[in-house]
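Here is how the chains run, residue by residue.
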Amino acid sequence: MSQRPPAPPSLAELREEIDRIDEGMHRLLMQRGDIIDRLIQVKQTQEVGSAFRPAREADMMRRLVQRHRGILPLDTVESIWRVIISTFTYVQAPFSVHADVSLGESAMRDSARFHFGFTVPYVAHFSAAAAVEAVARSKGDLALVSAVSSRTPWWTTLEADGAPKIIARLPFVERADHPAALPVFVVSRVADSAMVTEVETWSVRVSGWNAEVAHALSPLAEIVAVPDTAFDGAALLVSIAGANRLEKIKLALIEAGASVRSTALVGSHATRYTVPPSGSAK
């Protein structure tokens, strides 16, 4: 005689199991807090800004996507981890997020809240230059500015030695219907060892800028361009992936009829990490 299959668990048993998992997650978060407290003691400092690690954060988010499976939406998982990372960074070294809302407040606010949560103070500014200036006056705050368009060449203030730099591009993980899909640069001061340099961001000033030059450059790099002080000049923010690509950009500009007046490295960030509709990251 065949044995009867085991009875499925009751609702009460399943809910008890969920409660145990919830308690376990809470305990792990508290343990993480204990480790952060020990980390602060080891550093023997709470210097503002010292806790930012753009390279580590980008790597953490990539590994999160690679191991994720099941019915829990990736949006939820990413948001939870972003809040965990940002909150514990804030605990180590308090900071504020200064956001340029001149191109639209709701999308920028959504990006700030998704990536940094509600514990980190949020300060709105009506220009990118004002947000970056606030960060320059601080010891470790962040500025969020559009990565695809601008009304002014705010990035030229990042050229000076000791100035804040572009340290990240959000979202870390891009996909269709991302709840915080607005492309933004993060500007701040961090240690050189904490930077990720897969994509370099350059401030490039040119003369002879026109639609033909822009078309010649578009396959080589992502560019934000605004008029410069010269009659036919432009200030460019150029994001270049790979080594020695700046020389190719300069050569393409010259061959298209423009002249390069100056170049300055103003930051770097991780490559765009995209999750296609199939769900496998690349």
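Anyway, here's the lowdown on the structure attached to this text. (Residues numbered from 1 in each chain as written. Predicted model: local features only at pLDDT ≥ 70, side-chain atom pairs only at ≥ 80, totals over all residues. Heavy atoms only, no water.)

### As for the packing of aromatic side chains
Here is step 1 of the chain: Applying the stated rule across the entire model yields three aromatic pairs.
Here is step 2 of the chain: Aromatic side chains Tyr 90 and Phe 95 sit 6.0 Å apart centroid to centroid with 65 degrees between the ring planes, which places their arrangement in the edge-to-face category.
Here is step 3 of the chain: Assessed through its relative accessible area of 22%, Tyr 90 is described here as partly exposed.
Here is step 4 of the chain: Among the aromatic residues, those joined into a cluster by ring pairs are Tyr 90, Phe 95 and Phe 116. (Phe/Tyr/Trp six-rings, centres within 6.5 Å; stacked < 30°, edge-to-face > 60°. Buried < 20%, exposed > 50% of the residue type's maximum accessible area, 1.4 Å probe, protein only.)

### So, the nonpolar core
Here is step 1 of the chain: Judged by nonpolar contacts, the single largest core of 33 residues is most densely connected at Val 97, Phe 116, Leu 142 and Leu 144.
Here is step 2 of the chain: Considering every element that reaches this core, the biggest residue donor is helix 2 (residues 54-67), with five residues.
Here is step 3 of the chain: Among all residues touching Leu 144, those that are not within four sequence positions of it are Val 97, His 98, Ala 99, Asp 100, Met 108, Ala 112, Phe 116, Leu 170, Phe 185 and Val 186.
Here is step 4 of the chain: Counting 18 residues, the second-largest nonpolar core is a separate cluster that includes Ala 128, Ala 131, Ala 143 and Val 145. (Core = buried A, V, L, I, M, F, W, Y, C linked by side-chain atoms within 4.5 Å. Helix = DSSP H or I, 4+ residues; strand = E, 2+ residues; numbered from the N terminus. Contact = heavy atoms within 4.5 Å.)

### Overview of helix 4 (residues 105-116)
Here is step 1 of the chain: A rise of 1.5 Å per residue sets the reference length of helix 4, with its 12 residues, at 16 Å; its end C-alpha atoms lie 16 Å apart and thus fit the reference within 8%.
Here is step 2 of the chain: Along helix 4, the residues classified as buried are Met 108, Ser 111, Ala 112, Phe 114, His 115 and Phe 116.
Here is step 3 of the chain: As for helix 4, its buried residues are in contact with helix 3 (74-92), strand 1 (97-100), strand 2 (122-125), strand 3 (142-146), strand 4 (165-170) and strand 6 (184-188).
Here is step 4 of the chain: Following helix 4 by one or two positions, Gly 117 has its phi on the positive side, about 75 degrees. (Expected span 1.5 Å × (residues − 1).)

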